[in-house]
Amino acid sequence: MSPLCITGYSVACAAGIGVQSLTASLRDRRTGLRPNDFTDAPLNTWIGRVPGLEDMALPPGLGEWECRNSRLAWLALQCDGFFERALAAIDRYGTDRVALVVGTSTSSIGATEEAYRRLLPNGLYPEDLRRSIVHTPHSLGDFVRAALGLEGIAVTVGTACSSSAKVFAQAERLIRLGLADAAVVGGVDSLCGSVLFGFNSLDLVSPEPCRPFDVGRRGISIGEAGGFALLERDGERGPWLLGCGESSDAHHMSTPHPEGLGARLAIEQALSRAALQPGSVDYINLHGTASQRNDEVEARVVTRLFPPATLASSTKGWTGHALGAAGIVEAVITFIAMQTDLAPGTLNAQHLDPFCGPQVIVDNQATDIRIALSNSFGFGGSNCALLFGKYRDG
Amino acid sequence: MAEHGVSNRTAYVHGIALWAPRLPGWNAAAPVLRGAAAAPEQTAPRPAATLLAPTERRRAPDTVAIALEVAARACESAGADPKETASVFASAHGDLAINDYMSDTLARTPTLISPIRFHNSVHNAAAGYWSIGTGSLQPYTALTAYEDTFGEGLLEALAQAESSGRPTLLVAYDIEARGPLATIVTSRGIIGVGVVVAPHAGLNPLARLRWGTVRGTAGTASQTRNSELMAGSPMAACLPFVEAMAIEEMCMVGLRLSPTLLLQMQFDFPSRHEGNWP
């Protein structure tokens, strides 16, 4: 495929608000995880909570979308000069020629949970939450559309933990076919009871900070995050989107295919669309949730597909698993890795599971990173692999 | 500023399916949609999710049951092999019944959340069951665009078909809102639409579409004569499309993508040209 230029990007997560802050956390190996202080009912786990969201306010005119998820979206839009870049692109191309494709797992379900906690005796919602848009999953896309003043294609993708990776693939199609000239992609997921107690019900949350690929890993740490990227056909400098691959496992709703069949298909398709060989990949940001099954299956796929010189790590020890926002957060982390020529290691891992090949690194490692892959896999067996390049020609 | 292309792209509809409480299946729906028959007063029971194992079938959420039904019928109608067909699942609200259950349980006994209901709460649950049930490794996506979900879902299916050169399945559905959520979110009835679109005519296309995006406005609520059959559902937005498919006469249909952008489709039918396209 013809590469697309990423002409702007932003991130807000527990390990850093803004690219500069996240870069420093990655370099200094400073986790954003902390003991769960989010839920009223006790839940023994660690979370990636973005500080200060409670005290934020949305600007006038966007009050209809008021909720934690919109506040996090607004914060991420304001980071790294993204808002201004996006507005400049919209000015250049037209309000209906910049597509909006954003991903989320639970959108603003936290607002619905709050309404149910505060139901009036007559069974009605409290008045401040009687806003239908925050009780439906397009809440995220609709908010960003309104915030940026967009008037074109505007979609919220919900494929669980692959959501904000798949948005790159969808936007690439729209631009390639001429249905849009540029696209704002990204994703936002905020902490809520549904995911904390939901993953708890599946015995998937860790009582300690998550340790991806560690032989003694005990599950995931859930985080919240938001991030955006601006995709255009050309730009002065990268990073560049070189390839995307999408597939399904056709196996199980909440566990990956035992041989990682779908994961392998997605990675191979991304490589093939970029006309690159596995040996060209310098760094892989793994999905690496620290669940038993994901890490085992993913490690095996990487061992089988890539040469020992390719470095691979999971950065969820910094951010937590941002679910529907994991794709965009980890895309931004691969941009940072290419920008700084530093492959982040796997924070919190001490003794790697023997399933890991030589690719998986624990410590940060300085190295020239020209081509990087980012993996995202979701419930329902939805897989997406994105291939990014420091340069257009790979 | 680049202009939107007028209807300068071509696609073919290879298969169609529809299910609504008073339109249970395409064969029952088509005569009603073209005004040749009255809709039954009786509402049909929810379709059985026959793709699933009998134990899973009974406890399948409404979203899964309706989505699997129209997905299977659309593929049958197109003669498309689900294993070879990428899919786009589009639902404005997702599983409103599970959202009601989750929010209610979280307010009372959060640690008693059902793990199955939790993994069924993801927006791509129906898509996941479809992929598992058919053994399809082809990619699917699951999306929402609130009141514009049907139009955006169809646009994405058309874009995928044109981009891949292969048939693509659209599965669009919404279910009834429940509990306190129903006081805020309007969604009535279980309604699903399945469409298989492809970039080439193949052996037996049902319709040809000349399509593109154009600036223009359309209401969000469909105002066709069949509106009452889908009243209160975000899927009522599909009516202009399914009516055009049922009437089988050349026509132009615009589906809303945003308040000022339309997916415009010029319909033409092989039966009007004895199989020879003009």
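Note: the structure precedes this text.
Rules used in this analysis
- Residues numbered from 1 in each chain as written.
- Chains lettered and ligands numbered in written order.
- Predicted model: local features only at pLDDT ≥ 70, side-chain atom pairs only at ≥ 80, totals over all residues.
- Helix = DSSP H or I, 4+ residues; strand = E, 2+ residues; numbered from the N terminus.
- Rg over C-alpha atoms; globule rule 2.2 N^0.38 Å.
- Buried ≥ 20, exposed ≤ 12 C-beta atoms within 10 Å, placed from the backbone.
- Contact = placed C-beta atoms within 7 Å.
- Axes fitted to C-alpha atoms, helices over the stretch in contact; angles between N-to-C directions.
- Parallel < 35°, antiparallel > 145°, perpendicular 65-115°, else oblique.
- Left-handed = near helix turned anticlockwise from the far one by under 90°.
- Nonpolar A, V, L, I, M, F, W, Y, C, P; charged D, E, K, R; others polar.
- Pairing = 2+ DSSP bridges.

Undergrad: Help me understand the overall build of chain B, please; the structure alone is not making it clear to me.
TA: Counting its secondary structure elements, chain B contains eight helices and nine strands. What you see for chain B is a C-alpha radius of gyration of 18 Å, in line with the 19 Å of a compact globule of 278 residues. With the C-alpha coordinates aligned to their principal axes, the bounding extent of chain B is approximately 65 × 45 × 35 Å. A total of 278 residues make up chain B; the buried ones form 60% of that total. Of the contacts made within chain B by residues no fewer than 6 positions apart, 72% connect residues no fewer than 24 positions apart.

Undergrad: Explain the overall build of chain A to me, please; I cannot follow it from the model alone.
TA: Within chain A one finds 11 helices and 16 strands. In terms of C-alpha radius of gyration, chain A reaches 19 Å, essentially the compact-globule figure of 21 Å for 394 residues. When the backbone C-alpha atoms are referred to their principal axes, chain A occupies close to 60 × 50 × 40 Å. Every one of the 394 residues in chain A was classed for burial, and the buried ones make up 67%. Put simply, 79% of the contacts in chain A that link residues at least 6 apart link residues at least 24 apart.

Undergrad: Help me understand the environment of A:Thr367 in this model?
TA: Residues and elements named next belong to chain A. Inspection of the secondary structure assignment puts Thr367 in the loop between β14 (365-366) and β15 (371-378). Put simply, Thr367 and Pro42 are 325 residues apart on the chain and 43 Å apart in space, counted from C-alpha to C-alpha. Apart from the residues lying within four places of it in its own chain, the contact partners of Thr367 are Asp282, Leu311, Asp341 and Ala343.

Undergrad: Can you help me understand the packing of helix α8 (residues 261-273) of chain A against helix α9 (residues 292-305) of chain A in this one?
TA: A pair of packed helices is characterised by two quantities: the angle between their axes and the separation of those axes. Residues and elements named next belong to chain A. Running from amino to carboxyl end, α8 crosses α9 at an angle of 45°, the nearest separation of the two axes being 9 Å. Here α9 runs oblique to α8, going by the angle between their axes. Viewed along their axes, α8 and α9 form a crossing whose handedness is right-handed. Every residue of α9 that contacts α8 at Ala263, Arg264 and Ile267 is listed here: Val297, Glu298, Val301 and Leu305. Partitioned by chemical class, the residues of the contact of α8 with α9 number five nonpolar, no polar and two charged.

Undergrad: Would you mind showing me how to read the sheet that holds strand β4 (residues 46-48) of chain A here?
TA: The strands making up a sheet associate through backbone hydrogen bonding, with each pair oriented either parallel or antiparallel. All names here are of chain A. Ordered by their spatial adjacency, three strands build an open sheet running β3-β4-β8, and the pairing between neighbours is mixed. Pairing within the sheet leaves two strands with one partner each, and these edge strands are β3 (33-35) and β8 (222-223). Bridge analysis of β4 against β8 gives two bridges, and the strand direction is parallel. Bridge pairing links Gly48 to Gly223 in β8.

Undergrad: Which parts of the structure should I look at to understand unusual backbone geometry?
TA: Residues apart from glycine generally show negative phi values, whereas peptide bonds are mostly found in trans. All names here are of chain A. A cis geometry characterises the amide bond from Gly238 onward to Pro239, with omega recorded as 5°. With respect to the secondary-structure elements, Pro239 resides in the loop between β9 (225-232) and β10 (240-248). Despite not being glycine, Asp80 has its phi angle at roughly 60°, a positive value. Relative to the helices and strands, Asp80 is located in the loop between α2 (68-78) and α3 (82-93). C-beta crowding within 10 Å serves as the criterion here: with 23 such atoms nearby, Asp80 is assigned to the buried category. Unusually for a residue other than glycine, Ser107 sits at a positive phi of about 50°. Checked against the element boundaries, Ser107 lands in the loop between β5 (98-103) and α4 (109-117). The class for Ser107 is buried, based on 35 C-beta atoms found within 10 Å.

Undergrad: Sorry, what's going on with the interface of chain B and chain A here?
TA: When the parts of a complex come together, some accessible area is lost, and that lost area is often taken as the interface size. Across the boundary between the two partners, chain B contributes 59 residues, which contact 64 residues of chain A. At the level of elements, α4 (96-108), α5 (115-119), α6 (125-134), β4 (140-144), α7 (149-164), β7 (207-215) and β8 (251-258) of chain B are the ones that each hand at least two residues to the side of chain B that touches chain A. When residues in the side of chain B that touches chain A are grouped by element, the largest group, seven residues, is from α7(B). For the side of chain B that touches chain A, the residue count by class is 30 nonpolar, 24 polar and five charged. Where strand β6 (residues 154-157) of chain A lies against β4(B), two bridges are found, and the strand directions are antiparallel.

Undergrad: I'm lost on the environment of A:Met1 in this one. Help?
TA: Residues and elements named next belong to chain A. In this fold, Met1 is placed in the segment before β1 (4-13). Met1 gets classed as partly exposed once you count the C-beta atoms within 10 Å, which come to 18. Put simply, Met1 and Arg173 are 172 residues apart on the chain and 9.9 Å apart in space, counted from C-alpha to C-alpha. Residue contacts for Met1: discarding those within four places in its chain leaves Glu172, Arg176, Gly243 and Arg273.

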